[in-house]
Amino acid sequence: MSARYQFTAKLWRHDGAAAWHFITLPSELSAQVRTLAGGMMNAFGTLRVTAAIGAASWKTSLFYDTKHRAFVLPVKAEVRSKARVGHGDEVEVAIELEL
């Protein structure tokens, strides 16, 4: 079973030494995902998903970020390059939860 969602959000860069980039899920969607996933999250609070931005798709995990009070989606350099997106861009994202 799976659940698929689409949303638009801004790509942002983490303020650390590493160049990690993320997309924060909207708060309403984060609440839905948290309810739907229930006990499906692993011990680290992550949830496996397949994500897509345009033609670029990849398997990754959503992480719950207490600072943002929402799930965040990591977007690696290879995906950003293929999707031609960068820090600050508003992007259309699709995620499919692996339930």
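Scroll up to find the structure.
Figured I'd write up the structure that's included with this text. (Residues numbered from 1 in each chain as written. Predicted model: local features only at pLDDT ≥ 70, side-chain atom pairs only at ≥ 80, totals over all residues. Heavy atoms only, no water.)

## Description of the overall build of the protein
In terms of regular secondary structure, the protein is built from two helices and six strands. The secondary structure elements of the protein, listed N-terminal to C-terminal, are β-β-α-β-β-β-α-β. Taking 13 Å as the expected radius of gyration for a compact globule of 99 residues, we find that the protein reaches 13 Å, a close match to that expectation. Dimensions of the protein along its principal axes, counting C-alpha atoms only, are 35 × 30 × 20 Å. (Helix = DSSP H or I, 4+ residues; strand = E, 2+ residues; numbered from the N terminus. Rg over C-alpha atoms; globule rule 2.2 N^0.38 Å.)

## As for the environment of Thr8
For Thr8, the location among the structural elements is in strand S1 (residues 2-13). Residues Thr8 and Arg69, 61 residues apart in the sequence, show an inter-C-alpha distance of 18 Å. The contacts of Thr8, once residues within four sequence positions are left out, are Glu90, Val91 and Glu92. At 2.6 Å, the side chain of Thr8 forms a polar contact with the side chain of Glu92. (Contact = heavy atoms within 4.5 Å. Polar contact = N/O pair within 3.5 Å; in protein donor to acceptor, adjacent residues only side chain to side chain.)

## A closer look at the environment of Ser27
On the secondary structure map, Ser27 appears in helix H1 (residues 27-37). Residue classification places Ser27 among the partly exposed residues on the basis of a relative accessible area of 46%. The sequence separation of Ser27 and Val49 amounts to 22 residues, and the corresponding C-alpha distance is 18 Å. Side-chain polar atoms of Ser27 contact the side chain of Glu28, separated by 3.2 Å. (Buried < 20%, exposed > 50% of the residue type's maximum accessible area, 1.4 Å probe, protein only.)

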